[in-house]
Amino acid sequence: MGLKAGIVGLPNVGKSTLFNAITNAHVEAANYPFATIKPNSGIVELNDIRVDELVKIFNPKRVVKATFEFIDIAGLVKGASQGEGLGNQFLANIRNVDAICHVVRCFENEDIIHVENSINPLRDIETINYELIFADLDTINKRLGKVETKARTAKDKESILEVEVLTILKENLEKGILARLIDFKDEQKKIIANYALLTMKPVIYVANVSEEDYGNLNNCKYYQDVKKYAEKEQAEVIAISAAIEEELSSFSKTEKIEYLKELGVEKTGLDRLVDTTYHLLNLATFFTVGEDEVRAWTFKNGMKAPQCAGIIHTDFEKGFIRAETYSYDDIKIHRSEKILKELGKIRSEGKDYLVQDGDCLLIRFNNR
């Protein structure tokens, strides 16, 4: 599954610095608005300790970890929905991502300018949220204009339902309520999916704090403000220090572990960001293993075995017969597929099997 997360925010909040750190791509991070004009894209590997353990067991010729694509999108400013700054370009780019990582500046630094000349995370969040709302309202109003006449004159059932959904969206967005916070029925959600609304995208608020506050977030008022705001929205929030992340990106694995211990944290900002994004998108990982290759695959919770087989190759889904399956936990303990077979821990699962996080799969299929 090709997964994309867009890193967004106002100019000079630390987006490009964070992107440099997590992808080690060294893109421009200049101290002026719109340093990022075209979106930079970077593929990062997911650091899953289960892959490392499977490599020890199977000693494969090749290892392929699951990946995630981060896109650094141009800074947004007030009036973007009317084309201010690079607004239209920004909004077009954000439509193509699965989740939004909204970076919010939570640190003071006189050497780094702020487009509003002051630090106020909640104001900054609302600036971007309202631009997304205005853009969605434009989409909805245009669609309403096309479908209302059909619903009124032809009494078309689908058009009537669509008008109803669009009206609910319009009324709520005009009150400043984001589309993802509106309670819709499943049949209504199917209609909404056609609009690619920006305010339907799942969001992680990334509070970019100072190096000094990173180890003691309780004393960081800006972070606490963002945390409370995210809780009201039922959104995810993580604290990072883009400056620290950039420093960590140049360290060796051993140096990184030692430095993280000194900071009192277990994972880098990237790892926590990926973990949180996975949780937000309801994703999980299954594995294919053997002497030739150990590979991690990303899938959506609730997918059945044939669908997961299709992630590996479309022919696997078309000709699916069964999946021979065992859990990562079992292979970690017993260290051998032969022993798992003797213990009866390798199962044969059919088309209705719901794949679980950590499953190791061998797909049997009819190659017609």
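Since the model is a prediction, treat every value here as computed from it, not as a measurement.

Notes on the sheet that holds strand β2 (residues 40–45)
Paired through backbone hydrogen bonds, the strands of a sheet run either parallel or antiparallel to each other. Reading across the sheet, the six strands line up as β2-β4-β1-β5-β6-β7 and stay open at both edges, with mixed pairing between neighbours. Because the sheet does not close on itself, it has two edges, and the strands there are β2 and β7 (236–240). Averaged over all pairs of adjacent strands, the angle between strand axes in this sheet comes to 25°, irrespective of strand direction. The sheet contact formed by strand β6 (residues 203–209) and β7 spans five bridges and is parallel. For Y205, the partnering residue across the bridge sits in β7 and is V237. On the sheet, helix α4 (residues 121–153) packs against β5 (99–106) and β6 and is oriented at approximately 150° with respect to β5.

Topic: the state of the cysteines
Every disulfide links exactly two cysteines, by a covalent bond between their sulfur atoms. Counted by the stated rule, this structure contains zero disulfides. Left without a disulfide partner, C220 is nearest to the cysteine sulfur of C106, which lies 5.8 Å away. Take C220: its relative accessible area is 3%, and that puts it in the buried class. Counting only cysteine sulfurs, C308 is the nearest neighbor of C360, a cysteine outside any disulfide, at a range of 13 Å. Its relative accessible area of 1% is what places C360 among the buried residues.

A few points about the nonpolar core
Counting residues in hydrophobic clusters, the biggest one holds 70 residues, and the most contacted among them are F68, F70, Y205 and V206. If sequence neighbours within four positions are ignored, F70 has contacts with A5, I7, F19, I22, N40, S41, G42, V44, C101, L270, L273 and V274. Among the nonpolar cores identified, the runner-up in size contains 19 residues, and A151, V163, V165 and I192 belong to it.

Observations concerning helix α2 (residues 49–58)
Side chains of residues three or four places apart in an α-helix project in the same direction, reflecting 3.6 residues per turn. Within α2, burial applies to R50, V51, E53, L54, I57 and F58. Take α2 and look down its axis: the buried residues cluster within an arc of 160°, on one side only. Set apart from the buried face of α2 by more than 90 degrees, the exposed residues are I49 and K56. Directly after α2, the chain includes N59, whose backbone phi takes a positive value near 45°.

Parameters and conventions
- Residues numbered from 1 in each chain as written.
- Predicted model: local features only at pLDDT ≥ 70, side-chain atom pairs only at ≥ 80, totals over all residues.
- Heavy atoms only, no water.
- Pairing = 2+ DSSP bridges.
- Helix = DSSP H or I, 4+ residues; strand = E, 2+ residues; numbered from the N terminus.
- Axes fitted to C-alpha atoms, helices over the stretch in contact; angles between N-to-C directions.
- Contact = heavy atoms within 4.5 Å.
- Disulfide = S-S within 2.5 Å.
- Buried < 20%, exposed > 50% of the residue type's maximum accessible area, 1.4 Å probe, protein only.
- Core = buried A, V, L, I, M, F, W, Y, C linked by side-chain atoms within 4.5 Å.
- Arc of directions from axis to C-beta.

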